[in-house]
Amino acid sequence: MKKRIGHLFVTILTVTSLVACSSGAPSGTETKQESGGETAKVEQKIIYALPKEPEQMDPTLNTYSRSSTVLQNLFRGLYKIDESGKKAVPALAESHEIDATGTKYTFKLKKDVKWSDGKPITAQDFEYSFKRVLNPEVGSGAAFYLYYIKNGLAYNQGKAKAEDVGVKAVDETTLEVTLESPTPFFIELLCVTAYYPVRKDVVEGKDGWTKSPETYITSGPFMLTELKPKEKYVLKKNPNYVEASKVKLDTLEIVFIESSEAELAAYSNGEINVSDSVGKEAMTQFQSTPEFVSVPRIGTYYFDFNASRKPFDDPKVRKAFSMAINREQIVSNILQSVEKPAFGMVPYGIPHATQAGKDFREVVGNQFQENTEEAKKLLADAGYPDGKGIPEIVLIVMADQADKDVAQAMQNMWKENLGVNVTIQTFESKVYWDEIEQGNFSIARDGWTGDYPDPMTNLDLFEGVNTGDDIRWSSAEYDRLLKENREISDQAKRMDNYVKAEKILMDEMAVMPLHFLEDQYLVKPNVKGVLKNYIGHTIFEYAHVE
Amino acid sequence: MVGYIVKRFFASLLTMFVLITITFFLMHSIPGGPFSPAEERKVPASVLQKMEEKFGLHEPLHVQYVNYLKNLLQGDLGFSFKQLDVSVNELIAQGFPISAKVGLIAIGLALLIGILLGIVSAIKRGKWADWTAMIFATIGISIPNFVLTVLLMFFFCVMFKLLPTYGLTSWKHYILPVIGLSFGPIAYIARLMRSSMLEVMRQDFILTARAKGVPEYRVIFKHALKNAIIPIVTYLGPLVAAMLTGSFIVERVFSIPGIGRDFVSGIGDRDYSVILGLTVFFGVFIIVMNFIVDILYAIIDKRVKIEE
């Protein structure tokens, strides 16, 4: 009996896996045939899934990345990220001028920019919104994005008045913004939702303006027409959007599917057209099909070394650990991912400012190499030959399966290559960061996605002012290079400084990069133009159905 | 009767108070808070502090506790910490009807099939019908919910592409969640019904009825069933409470916008007001359900006296 059940089980498994493997391909060809033979107009509607409802629908209060994805389809600010997903181009602004000091920006709004209810969008709206983000009484979590503006920080901390903030509407279509110091990436920064406009009478008119489509007035390619909590948001094309003539999609339905297995089932079943949460299973099933897309985002998966605790107070030990693992193997075998191993901190997707069309990473190349022999030597130099006499090492990770797998793989590699025993501890995400803050770790999993395409967004994490409660490492020269880069606008010099700073970081191995982040998504063959920008938001402004 | 109800009412109030107090302090004793640094988003400490002040989290715990009770007495369960402009009252008002609708259908199905299976296997004791029903019931009890729902989804949605995977927009959408919810209860009810039925069938009054020449179907459905069903009624209280308030697993797998998954995700997010609000809601609901069941006993079985 037992044996027979076993047979039955094997048969079921084989049958199901066969069906699972083949299910992707035929559905693709089917749709192609349909679109080829049918000349009638297809419905311009895309159904897209997010794991949960957005946390915050007011762009001036938002700091969440899931909410940003929704807001980036509903709102537009002065600038937006273009169709390539890499460059900032004017959206509501027509042009901007920078004065000789590099701190004063004058923006001209385009003619006829309108809210979704048809009223004009004015420079005053921007002034109101920027000040709203910084207003200490509003208590917006996004305020720090606007600290670049003159007196932004001071006003937010109650040390200056609203009038002192460096943003002023000169007239209906002219906006003047004064910054604390020249910020060469300010235009890119304007593509963050915190810089998007909201209208005073809308926000202050009624409590909970974000909760009903009638009161939810937007400035972007889509507007909200139906809101079913926890179920779906229905977005329709906004006819008053400044580039409405280029928006081909009529309807974008955002449905909420919490489990990634269910989302894969919904995608395979043809109930959704675009799927964002691509788990291991989806990855293996679709990786070799044209439906699978993987694009770099400006982030890095890395590990913190606690430089205040032995043995990682010694850069030699940090370097030995970093050189003794095999990143390629971890990424392709353990994570089964197509992401790129990292031998530096600045990710792909950040352009090199003086070499057109090339990423900073491509120009600079790797900042270090893996080398087991060299690693052994370094460890011996530091006084721990073959790992003898090394103090206890605790690697902490979050209670996530992929993270745990990576931790175990590294644990094995260190044991094998360096003869060192590492203890792994897992923590729930709510407690995890406290543990890091308390310094209860030797090595800790960390990660970061930047906000704008300038190396600053990934490197300023490791300035002395920011490392006090995580890696506890600092370098005066590193801080000086970054400080200088905030004050100058000579791009050649700035890039040079970034290379030097990154070299310091990697020579000292203050943190151990593992791989650069990429966003994976599945998209049905008849859906074109879905864009993932460098921050990882999914944009449907340029999408259409064939 | 009135005295009994009044007594039950005050006992329930006390239970609720204890429940809220324990939940409140337990919840705050879990390390981490709603505004502890989130993954990969390093919001400055000063901003987090400001958020805490906005929600009154900077106050000492006992002050927060008193404030919560004050608001609760006015029927205000507060705002979610995670979904920043949604109140817990709204959350329940939107989610509960959805969970309850699926739950009610599942209860109906569970009772119908469970009782029928139980009766059949009791009457056909030791025959193949009994064996089949009991094998089914054993499987039903031993397969965990999360395995069953995933299997259902795999076979019906992915393999045969017969049924939709998410939402509740048509009757088709109800099929899998209802099966997922009622499978366990069906099995439990069937076993309960079988043993209760077997016991009743051995009683003297059944023998008397048969001796009188009452037809077999009347013996079963009139005489035996009425007595055998009492254990099922006992089970009904907790069952109704559990089913109407939604299931974490079923709602998560089939993306149903009910309140079943809010409780678990609330704990993960340290969304204090959601945890407490749902505790209060579930607490009241379970107390009321148990109370109704007690009354039902008296109606079904005249020998039960409520004053006792």
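Residue indices follow the written sequence of each chain, beginning from 1 at its first position. For this description, chains carry letters from A and ligands carry numbers from 1, given in the order in which they are written. Given that this is a predicted model, residues contribute local features only at a pLDDT of at least 70 and side-chain atom pairs are listed and counted only at 80 or more, while totals for whole chains, interfaces and linings are drawn from all residues. Think of the side-chain values as coming from all heavy atoms in the structure, minus any hydrogens and water.

## A few points about the interface of chain B and chain A
Step number 1: Facing 48 residues of chain B, the contacting portion of chain A comprises 56 residues.
Step number 2: Buried area adds together the accessible area that both of two parts lose upon being put together, with accessible area traced by a 1.4 Å probe. Summed over both partners, the interface of chain B with chain A buries about 4,500 Å², with 51% contributed by carbon and sulfur atoms.
Step number 3: Salt bridge, as used here, is a side-chain nitrogen of Lys or Arg placed within 4 Å of a carboxyl oxygen of Asp or Glu. Summed over the shared surface of chain B and chain A, the result is five salt bridges.
Step number 4: A salt bridge links B:R270 to A:E428, with the nearest nitrogen and oxygen atoms 2.6 Å apart.
Step number 5: The term polar contact refers here to a pair of N or O atoms within 3.5 Å; inside protein, the definition further demands a hydrogen-donor-capable atom paired with an acceptor-capable atom, and it admits residues adjacent in sequence only when both atoms are side-chain atoms. The interface formed by chain B and chain A contains 11 residue pairs in polar contact (both at pLDDT 80 or more). Between two residues, a contact is recorded if the distance between any of their heavy atoms is within 4.5 Å.

## Overview of the side chain of A:S116
Step number 1: The secondary structure listing takes helices from DSSP runs of H or I that are at least 4 residues long and strands from runs of E that are at least 2 residues long, numbered from the N terminus. Residue placement: A:S116 occurs in the loop between β5 (104-109) and α3 (123-134).
Step number 2: Dropping the residues within four chain positions of it, A:S116 is found in contact with A:Y216, A:I217, A:T218, A:M223, A:N238 and A:N240.

## Here's the deal with the sheet that holds strand β7 (residues 174-178) of chain A
All names here are of chain A.
Step number 1: Taken together, four strands build an open sheet; the order of strands is β4-β5-β7-β6 and the sheet is antiparallel. Of all the strands in the sheet, the pair left with one neighbour each is β4 (93-98) and β6 (167-171). Across the sheet, the axes of successive neighbouring strands diverge by a mean angle of 20°, strand direction being ignored.
Step number 2: At least two bridges found by DSSP between two strands is the condition for calling them paired. In this structure, β4 lies alongside β5, joined through five bridges in antiparallel fashion. Note on β5: the bridge partner recorded for A93 is L109. For every element, the axis is a line fit to its C-alpha atoms; helices are fit only across the contacting stretch, and the angle between N-to-C directions ranges from 0 to 180 degrees.

## Some words on the domain arrangement of chain A
Accessible area lost upon the coming together of the parts is a frequently used measure of interface size.
Residues and elements named next belong to chain A.
Step number 1: Where each domain starts and ends comes from a domain assignment, either automatic or drawn from a database. When cut into domains, chain A gives domain 1 (52-245) and domain 2 (296-518).
Step number 2: Across the contact, 10 residues belong to domain 1 and 11 residues belong to domain 2.
Step number 3: For the pair domain 1 and domain 2, the summed buried surface comes to about 910 Å²; carbon and sulfur atoms form 63% of the total.
Step number 4: Summed over the shared surface of domain 1 and domain 2, the result is zero salt bridges.
Step number 5: The interface formed by domain 1 and domain 2 holds one residue pair in polar contact (both at pLDDT 80 or more) in total.
Step number 6: Its residues placed into classes, the side of domain 1 that touches domain 2 shows seven nonpolar, one polar and two charged. Classification convention: Asp, Glu, Lys, Arg as charged; Ala, Val, Leu, Ile, Met, Phe, Trp, Tyr, Cys, Pro as nonpolar; all other residues, Gly among them, as polar.

## Some thoughts on the pattern of salt bridges
Step number 1: Summed over all chains, the structure comprises 40 salt bridges over all chains.
Step number 2: Notably, a salt bridge pairs A:E243 with A:K110, separated by 4.0 Å at the nearest N-O pair. A residue pair is termed long-range when its members are at least 10 positions apart, and A:E243 in the loop between β9 (232-237) and β10 (251-256) and A:K110 in the loop between β5 and α3 qualify at 133 residues. Comparing A:E243 with A:K110 shows no difference in burial state: the two are buried.
Step number 3: Here B:R252 and A:E258 are joined by a salt bridge, their closest N and O atoms 3.4 Å apart. For each residue, the accessible area found with a 1.4 Å probe, counting protein chains only, is set against the maximum for its type, and the residue is called buried under 20%, exposed over 50%, and partly exposed in between.

## Some points on the packing of helix α9 (residues 315-323) of chain A against helix α12 (residues 372-381) of chain A
All names here are of chain A.
Step number 1: One can describe the packing of α9 onto α12 by two numbers: an axis separation of 8 Å at closest approach and a directional angle of 155°. Considering the angle they form, α9 stands roughly antiparallel to α12. The interaxial crossing formed by α9 with α12 has left-handed handedness. Side by side, α9 and α12 meet where K316, V317, K319, A320, F321 and M323 of the first sit next to T372, E374, A375, L378, L379 and D381 of the second.
Step number 2: Partitioned by chemical class, the residues of the contact of α9 with α12 number seven nonpolar, one polar and four charged. Angles below 35 degrees are treated as roughly parallel, those above 145 as roughly antiparallel, those between 65 and 115 as roughly perpendicular, and all remaining angles as oblique. What makes a crossing left-handed is the near helix being turned counterclockwise from the far one by less than a right angle; a clockwise turn instead makes it right-handed.

## Considerations on the side chain of B:D269
Step number 1: Mapped onto the secondary structure, B:D269 falls in helix α12 (residues 260-269).
Step number 2: Here the positive residues are Lys and Arg and the negative ones are Asp and Glu; neither His nor the chain ends is included. The buried charged residue B:D269 lacks any salt bridge, with A:K52 as its nearest oppositely charged partner at 4.0 Å.
Step number 3: What B:D269 contacts, discounting residues up to four positions off in sequence, is A:K52, A:K430, B:P34 and B:K82.

## Digging into a positive patch on the surface
Residues and elements named next belong to chain B.
Step number 1: Residues form patches when they are more than 30% accessible in relative terms and have no salt bridge. Like charges link within 9 Å. Nonpolar side chains (Val, Leu, Ile, Met, Phe, Trp, Tyr) link within 5 Å. Shrake-Rupley sampling with a 1.4 Å probe provides the accessible areas, and residues are treated as covered by the protein chains on show and by no other component. To locate a charge, the coordinates of NZ of Lys, CZ of Arg, CG of Asp or CD of Glu are taken. A cluster of basic residues, K212, R218, K222, K226 and K302, forms a positive patch at the surface.
Step number 2: Looking at which element gives the most residues to the positive patch, the answer is helix α9 (residues 216-228), with three residues.
Step number 3: Position of K222 among the secondary structure elements: in helix α9.

## Notes on the packing of aromatic side chains
Step number 1: Here is the rule: rings of Phe, Tyr and Trp (six-membered ring for Trp) pair when centre to centre is within 6.5 Å. Planes less than 30 degrees apart are stacked, more than 60 are edge-to-face, and the remainder are tilted. Taken as a whole, this structure holds 39 aromatic pairs over all chains when the rule is applied.
Step number 2: Consider the rings of B:F281 and B:F282, whose centres lie 6.2 Å apart with planes at 55°: the pair is tilted.
Step number 3: Clustering of aromatic rings is evident, with ring pairs tying together A:Y79, A:Y105, A:F107, A:F126, A:F130, A:F186 and A:Y195.
Step number 4: Positioned above the aromatic ring of A:Y348, the side-chain terminus of A:K340 is 4.9 Å from the ring centre.
Step number 5: Of note, A:R445 hangs over the ring of A:Y301, and the distance from its end group to the ring centre comes to 4.0 Å. Charge-over-ring contacts are defined here by two conditions on Lys NZ or Arg CZ: a distance within 6 Å of the ring centre and an angle within 35 degrees of the ring normal.

## Things to note about the environment of A:P315
Residues and elements named next belong to chain A.
Step number 1: With respect to the element layout, P315 can be found in helix α9.
Step number 2: According to the relative accessible area criterion, P315 is partly exposed, its value standing at 32%.
Step number 3: Counting along the chain gives 64 residues from P315 to L379, while the straight-line C-alpha distance between them is 10.0 Å.

## Side note on the packing of helix α7 (residues 171-201) of chain B against helix α10 (residues 230-244) of chain B
Residue and element names in this part refer to chain B.
Step number 1: The geometry of α7 relative to α10 is characterised by a closest axis approach of 10 Å and an angle of 170° between their N-to-C directions. It follows that α7 is roughly antiparallel to α10 by the angle criterion. Mapping the contact onto sequence places L181, S182, P185, Y188, I189, L192, M193 and S196 in α7 and P231, I232, Y235, L239 and M243 in α10.
Step number 2: In terms of residue class, the contact of α7 with α10 is built from 11 nonpolar, two polar and no charged.

## Comments concerning the nonpolar core
Residue and element names in this part refer to chain A.
Step number 1: Nine residue types can take part in a nonpolar core, namely buried Ala, Val, Leu, Ile, Met, Phe, Trp, Tyr and Cys, and a core is a set of them joined through side-chain atoms within 4.5 Å. Core analysis: the biggest nonpolar cluster contains 235 residues, and F130, F321 and W414 have the highest contact counts within it.
Step number 2: When residues of this core are sorted by domain, at least three fall in each of domain 1 (52-245) and domain 2 (296-518).
Step number 3: The contacts of F321, once residues within four sequence positions are left out, are F305, F312, L379, I390, I393, W414, L418, V420, V422, I443 and M512.
Step number 4: Of all hydrophobic cores here, the second largest spans nine residues; its members include V394, M398, Y432 and W433.

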